[in-house]
Every structure is written in C-alpha cells, then in structure tokens.
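# Results of the structural survey
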Amino acid sequence: MNSSKPAAALAFFQSNSLPMLVQEEIERLIMTGELAVGTRVNESELAQRFNTSRGPIREALRALEEAGLVRNEKNRGVFVREISFEEADEIYELREALEEIIGRRVTRAIAPDGIERLKGMLKAMGSAAKAKDVEQYAQLNLQFHEVLLETAGSQKLIETYRRLIKELLLFRMRALDNGGGLRVSVDEHREIVDAIASGEAERAGRVMRQHVADSRNRMHAAMGRPDADSPRSNSSNQQGA
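It is worth spelling out the overall build of the protein chain at this point. Looking only at helices and strands, the protein chain features nine helices and three strands. Secondary structure elements in the protein chain, listed N-terminal to C-terminal, are α-β-α-α-β-β-α-α-α-α-α-α. Burial status across the protein chain gives 44% buried among its 241 residues. Nonlocal contacts in the protein chain, meaning residues at least 24 apart in sequence, comprise 67% of its contacts between residues at least 6 apart. A total of about 13,400 Å² of accessible surface is found on the protein chain, and carbon and sulfur atoms cover 48% of it.

Encoded structure:
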C-alpha cells in the first residue's frame, strides 16, 4: 500500500478545512460583537490568535465578504460591515415573505417530538426574558428559528435565510433591547408554536409573517423611525403576535 496517498489526502483536507474553520471563528467574533461593526479586521492579529499564516485568514475574509459580513476597502483594509437602516428595513421585508413560507412548510413536516422540542425552547426563552438577559435571549431566539428553518427542509431557503439573519443580527439585538421586544417576544413565539401544532399551515405562515412585521416595527422604534407598514401596526385594537 502506498502510504503517501493517505498523507496527501490528510494534507488536502487540512488545507481546505482550515480556511472554513477560520471563517467560522471570525464570524463568531463578529456575531458576538468582539469584532464590532465598523472596526478594521487586523489580519496579523487574527493569524497570531489562530496560530496560522495570513493565507487562510485572507481566504476566510473573502468568503465573509461574499456573505455580506465584511467589506474590503482599497488601500485601507477589511472592515466589519455596517448595514444602513434602509438596507435593514428591506431585509426585514424579505424576511417576512420567507418566514411565511417557512411556517407553512414546517407545519406540514414537523413531528410531535419536534413540537415538544420547540416548547422546551420556549421555556428557556421565557427564563432569559424574565432575567432580562438580552444576549442569552437573542441566542435562543436564533436557535428557535434555526430549528424551524431546518424542519422546513429546503436547502435554497436555508442558504438565503441564513445570510439575511446574519446581516440583521445587530439590528435585532437593538430592537430586543431598546425596542421593547423582550417583553412580548416570548408570547409571539408561543403563538407560532401553537399555530404550527394546530396543523393549519396557512395560519402558521400568517403568524410567522406577522412576528417578523412586529420585529421590524420594534427595529423602527429602536432607531427612532416611524412604524413599518404592516397590518398590525395599522390596527390599534389588535394584540402582539
């Protein structure tokens, strides 16, 4: 047996997986705020931190630029991207449509143990909200929607949705904290689970779409902007989803 073949295969795997691992770690730094919006990404510091050369760092940053998380400015370097209010608002509008599709697909696909899993997540979200732990709640919120996304069972939907969510993270954190979302978001997610458990796909789609519309309005409130145009924001006698 030629022992050089396994060694070559291992070297190929390591060289191809390292940039991906570095990308995931840099993305985590951005998502947690350790690499803040607008800050310059220092390749040398990251290479030293990850104990690697600058090659995998650059490759990872190129992928993150394609994902919309960083921007490369000529002669200046790479910066963590900042999304304008107008762009965030457009992304929320797109997400409303995607969540409606997800709600319908999940309702048709989910099993009883999946419903129980969502209920368990609701309990954890309730505890985080009660403790006013915005960061913990935001993570649980992301996990909740990730479960729904995976259950929906569409790879193209997963790819599109995940990119939008990553770009919106900082706005969503601000809306939860300053826009009053922490007070009502658990109830909105409970209504989503109830709608999915009912087996009524169209109802679940509507509830999920409205949840995003309400989140969008909270983002507007946090930014000091007028409400987005949504059915609930125009109806004073309706309650939060």
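With that settled, the discussion passes to the pattern of salt bridges. A side chain with one charge may pair with a side chain of the opposite charge, provided their charged atoms come close. On inspection of all chains with the given rule, the structure shows 23 salt bridges. Between Glu73 and Arg71 there is a salt bridge whose closest N-O contact spans 2.6 Å. The salt bridge involving Arg190 is made with Asp187; its shortest N-O contact spans 2.9 Å. Of this pair, Arg190 and Asp187 both sit in helix α8 (residues 181-197), three residues apart, which is roughly one turn of the helix. Counted as one network, the salt bridges with shared partners bring together Asp89, Glu96, Glu100, Arg104, Arg209 and Arg216.

Among the structural elements, Val41 can be located in strand β1 (residues 40-41). Along the sequence, Val41 and Phe79 sit 38 residues apart, while their C-alpha atoms lie 5.5 Å from each other. When near neighbours in sequence (up to four residues on either side) are disregarded, Val41 contacts Leu46, Leu61, Val78, Phe79 and Val80.

A few words on the sheet that holds strand β2 (residues 70-73). Read from one edge to the other, the open sheet built from three strands follows the order β1-β3-β2, with strand pairing classed as antiparallel. The sheet is open, and its two borders are formed by β1 and β2, each paired with just one other strand. Contacts from helix α3 (residues 54-66) reach β1, β2 and β3 (77-80) within the one sheet, and its direction differs from that of β2 by about 110°.

For Asn51, which is not glycine, the phi dihedral falls at a positive 55°. Residue Asn51 is classed as exposed on the basis of its relative accessible area of 71%. Residues other than glycine seldom take positive phi values, yet Asn75 does so here, at roughly 65°. Inspection of the secondary structure assignment puts Asn75 in the loop between β2 and β3.

Quick look at the side chain of Asp89 now. Locating Asp89 in the fold gives a position in helix α4 (residues 85-109). When its relative accessible area of 15% is taken as the criterion, Asp89 is described as buried. Of the polar contacts made by the side chain of Asp89, one reaches the side chain of Arg216; its length is 2.7 Å. When near neighbours in sequence (up to four residues on either side) are disregarded, Asp89 contacts Arg216, Met219 and His220.

Let's shift gears to the nonpolar core. Core analysis: the biggest nonpolar cluster contains 41 residues, and Ile102, Leu118, Phe144, Leu148 and Ile196 have the highest contact counts within it. Secondary structure elements with two or more residues in this core: α4, α5 (112-130), α6 (134-152), α7 (155-178), α8 and α9 (201-223). When residues in this core are grouped by element, the largest group, eight residues, is from α6. Setting aside residues up to four positions removed in sequence, Ile102 forms contacts with Leu148, Leu149, Ala152, Leu157, Tyr161 and Met208. Ile26, Ala60, Leu69 and Val70 belong to the second-largest nonpolar core, a separate cluster that totals 16 residues.

Cut-offs and rules
Residue indices begin from 1 for each chain and proceed along its sequence in written order. In keeping with the model being predicted, local features are shown solely for residues with a pLDDT of at least 70 and side-chain atom pairs are shown and tallied solely at 80 or more, while totals for entire chains, interfaces and linings include all residues. Hydrogens and waters are ignored; side-chain quantities use all the structure's heavy atoms. Numbering of helices and strands starts at the N terminus; helices are DSSP runs of H or I of at least 4 residues and strands are runs of E of at least 2. With a 1.4 Å probe rolled over the protein chains alone, any residue whose accessible area is under 20% of its type maximum counts as buried; one over 50% counts as exposed, and the rest are partly exposed. We call two residues contacting when some pair of their heavy atoms lies within 4.5 Å. The Shrake-Rupley method, run with a 1.4 Å probe sphere, supplies the accessible areas, and residue values consider only the shown protein chains as cover. A pairing counts as a salt bridge when a side-chain nitrogen of Lys or Arg comes within 4 Å of a carboxyl oxygen of Asp or Glu. In this description, strands pair whenever DSSP reports at least two bridges between them. Under this scheme, a helix contributes an axis fitted over its contacting stretch, all axes are lines through C-alpha atoms, and angles between N-to-C directions fall in the 0 to 180 degree range. In the analysis that follows, any N or O atom pair within 3.5 Å is treated as a polar contact, provided that within protein one partner can donate a hydrogen and the other can accept it, and provided that, for residues neighboring in sequence, both atoms belong to side chains. Buried Ala, Val, Leu, Ile, Met, Phe, Trp, Tyr and Cys residues that are joined via side-chain atoms within 4.5 Å together make up what is termed a nonpolar core.

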